[in-house]
Amino acid sequence: QVQLVESGGGLVQAGGSLRLSCAASGSIRSIAFMGWYRQAPGKQRELVAQITSSGITNYSNSLKGRFAISRDNAKNTVDLQMNSLKPEDTAVYYCNAILRGTLANYWGKGTLVTVSS
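To keep things clear, this report deals only with the structure shown in the data block. Since the model is a prediction, treat every value here as computed from it, not as a measurement. (Residues numbered from 1 in each chain as written. Predicted model: local features only at pLDDT ≥ 70, side-chain atom pairs only at ≥ 80, totals over all residues. Heavy atoms only, no water.)

1. Concerning unusual backbone geometry
Part 1 of the argument: With a phi angle near 50 degrees, Ser84 is a residue other than glycine that sits in the positive phi range.
Part 2 of the argument: As for its position among the elements, Ser84 is in the loop between β8 (77–82) and β9 (91–99).
Part 3 of the argument: In this model, Leu103 sits at a positive phi of 55 degrees, which is unusual for a non-glycine residue.
Part 4 of the argument: What makes Leu103 exposed here is its relative accessible area of 53%. (Helix = DSSP H or I, 4+ residues; strand = E, 2+ residues; numbered from the N terminus. Buried < 20%, exposed > 50% of the residue type's maximum accessible area, 1.4 Å probe, protein only.)

Structural data, given as C-alpha coordinates:
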(Lines give C-alpha, C1' and ligand atoms only; values in the text may rest on other atoms or scores of the structure.)
Protein backbone atom coordinates (compact mmCIF):
# COMPACT_ATOMS: atom_id res chain seq x y z
CA GLN A 1 0.00 0.00 0.00
CA VAL A 2 1.10 3.50 -0.81
CA GLN A 3 -0.38 6.72 0.53
CA LEU A 4 0.01 9.94 -1.42
CA VAL A 5 -0.70 13.44 -0.13
CA GLU A 6 -0.62 16.46 -2.42
CA SER A 7 -0.09 20.08 -1.45
CA GLY A 8 0.51 23.41 -3.12
CA GLY A 9 -2.63 24.02 -5.14
CA GLY A 10 -4.48 27.30 -5.12
CA LEU A 11 -5.52 30.34 -7.13
CA VAL A 12 -3.04 32.06 -9.40
CA GLN A 13 -3.29 34.63 -12.17
CA ALA A 14 -2.53 33.74 -15.75
CA GLY A 15 1.20 33.90 -16.37
CA GLY A 16 2.01 33.01 -12.80
CA SER A 17 3.65 29.95 -11.28
CA LEU A 18 2.78 27.29 -8.75
CA ARG A 19 4.66 24.37 -7.30
CA LEU A 20 2.84 21.21 -6.31
CA SER A 21 4.32 18.64 -4.00
CA CYS A 22 3.36 15.06 -3.27
CA ALA A 23 4.59 13.06 -0.29
CA ALA A 24 4.53 9.28 -0.45
CA SER A 25 4.43 6.88 2.47
CA GLY A 26 3.93 3.16 2.91
CA SER A 27 5.55 0.69 0.51
CA ILE A 28 7.72 3.38 -1.05
CA ARG A 29 10.55 1.02 -2.01
CA SER A 30 8.16 -0.65 -4.45
CA ILE A 31 7.40 2.54 -6.36
CA ALA A 32 8.69 2.53 -9.93
CA PHE A 33 6.95 5.58 -11.39
CA MET A 34 5.61 8.71 -9.78
CA GLY A 35 3.71 11.33 -11.64
CA TRP A 36 1.05 13.97 -11.93
CA TYR A 37 -2.25 13.79 -13.73
CA ARG A 38 -4.96 16.39 -14.00
CA GLN A 39 -8.68 16.47 -14.60
CA ALA A 40 -10.48 19.57 -15.74
CA PRO A 41 -14.26 19.94 -15.33
CA GLY A 42 -16.09 17.80 -17.87
CA LYS A 43 -12.88 16.24 -19.18
CA GLN A 44 -11.03 12.98 -18.73
CA ARG A 45 -8.04 12.66 -16.45
CA GLU A 46 -4.83 13.17 -18.42
CA LEU A 47 -1.14 12.66 -17.85
CA VAL A 48 0.85 15.77 -17.02
CA ALA A 49 4.27 14.29 -16.27
CA GLN A 50 5.88 11.13 -14.94
CA ILE A 51 9.30 10.31 -13.51
CA THR A 52 11.12 7.09 -12.68
CA SER A 53 13.24 6.45 -9.61
CA SER A 54 16.34 7.08 -11.74
CA GLY A 55 15.03 10.43 -12.96
CA ILE A 56 13.81 9.58 -16.45
CA THR A 57 10.90 11.88 -17.26
CA ASN A 58 7.90 11.75 -19.56
CA TYR A 59 5.74 14.79 -20.27
CA SER A 60 2.53 15.54 -22.02
CA ASN A 61 3.65 17.05 -25.32
CA SER A 62 1.41 20.04 -24.83
CA LEU A 63 2.89 20.89 -21.41
CA LYS A 64 6.57 20.21 -21.92
CA GLY A 65 8.50 23.44 -21.56
CA ARG A 66 6.15 25.04 -19.06
CA PHE A 67 5.97 22.27 -16.47
CA ALA A 68 8.84 20.42 -14.80
CA ILE A 69 8.67 17.32 -12.64
CA SER A 70 11.28 16.39 -10.06
CA ARG A 71 11.64 13.61 -7.53
CA ASP A 72 13.52 13.34 -4.25
CA ASN A 73 13.94 9.66 -3.46
CA ALA A 74 15.41 10.42 -0.03
CA LYS A 75 12.35 12.45 0.98
CA ASN A 76 9.88 10.31 -0.99
CA THR A 77 8.45 13.34 -2.70
CA VAL A 78 7.64 14.34 -6.24
CA ASP A 79 7.15 17.98 -7.21
CA LEU A 80 5.61 19.68 -10.19
CA GLN A 81 6.80 23.18 -11.05
CA MET A 82 4.23 24.93 -13.22
CA ASN A 83 5.17 28.13 -15.01
CA SER A 84 3.40 30.50 -17.41
CA LEU A 85 0.08 29.14 -16.24
CA LYS A 86 -2.98 29.54 -18.44
CA PRO A 87 -6.69 29.45 -17.58
CA GLU A 88 -6.90 26.12 -19.39
CA ASP A 89 -4.51 24.65 -16.82
CA THR A 90 -7.32 24.92 -14.28
CA ALA A 91 -7.95 21.40 -12.97
CA VAL A 92 -7.64 19.07 -10.05
CA TYR A 93 -4.10 17.73 -10.05
CA TYR A 94 -3.56 14.19 -8.80
CA CYS A 95 -0.38 12.53 -7.65
CA ASN A 96 0.12 8.99 -8.92
CA ALA A 97 2.42 6.12 -8.03
CA ILE A 98 2.90 2.86 -9.92
CA LEU A 99 4.49 -0.13 -8.24
CA ARG A 100 7.13 -2.40 -9.72
CA GLY A 101 5.97 -5.83 -10.77
CA THR A 102 2.25 -5.56 -10.07
CA LEU A 103 1.98 -2.14 -11.77
CA ALA A 104 -0.67 -1.30 -9.18
CA ASN A 105 -1.76 2.35 -9.32
CA TYR A 106 -2.19 4.57 -6.30
CA TRP A 107 -3.70 8.04 -6.27
CA GLY A 108 -3.76 11.03 -4.00
CA LYS A 109 -6.98 12.89 -3.28
CA GLY A 110 -6.02 15.73 -5.58
CA THR A 111 -5.31 19.42 -5.22
CA LEU A 112 -7.21 22.13 -7.05
CA VAL A 113 -5.35 24.59 -9.24
CA THR A 114 -7.34 27.56 -10.51
CA VAL A 115 -5.82 29.97 -13.01
CA SER A 116 -7.69 33.23 -13.44
CA SER A 117 -7.55 35.29 -16.62
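2. Quick word on the nonpolar core
Part 1 of the argument: By size, the foremost hydrophobic cluster in this structure holds 30 residues, and its most contacted members are Leu4, Trp36, Leu80, Met82 and Tyr93.
Part 2 of the argument: Sorting the residues of this core by element identifies β1 (2–7), β3 (18–26), β4 (31–39), β5 (46–52), β7 (67–72), β8, β9 and β11 (111–116) as the ones contributing at least two each.
Part 3 of the argument: It is β9 that provides the largest number of residues to this core, a total of five residues.
Part 4 of the argument: Not counting the four nearest positions on each side in its chain, Leu4 is found in contact with Cys22, Ala23, Ala24, Met34, Cys95, Asn96, Ala97, Tyr106, Trp107, Gly108 and Lys109. (Core = buried A, V, L, I, M, F, W, Y, C linked by side-chain atoms within 4.5 Å. Contact = heavy atoms within 4.5 Å.)

3. A look at the sheet that holds β3
What holds strands together in a sheet is hydrogen bonding between their backbones, with the strands either parallel or antiparallel.
Part 1 of the argument: Sheet architecture is open: four strands sit in the order β1-β3-β8-β7, paired in antiparallel fashion. Because the sheet does not close on itself, it has two edges, and the strands there are β1 and β7. Each adjacent strand pair in this sheet contributes to an overall mean axis angle of 15 degrees, direction not counted.
Part 2 of the argument: Where β1 and β3 come together, six bridges link them in antiparallel fashion. Its bridge partner being in β3, Ser7 is matched across the sheet by Ser21. (Pairing = 2+ DSSP bridges. Axes fitted to C-alpha atoms, helices over the stretch in contact; angles between N-to-C directions.)

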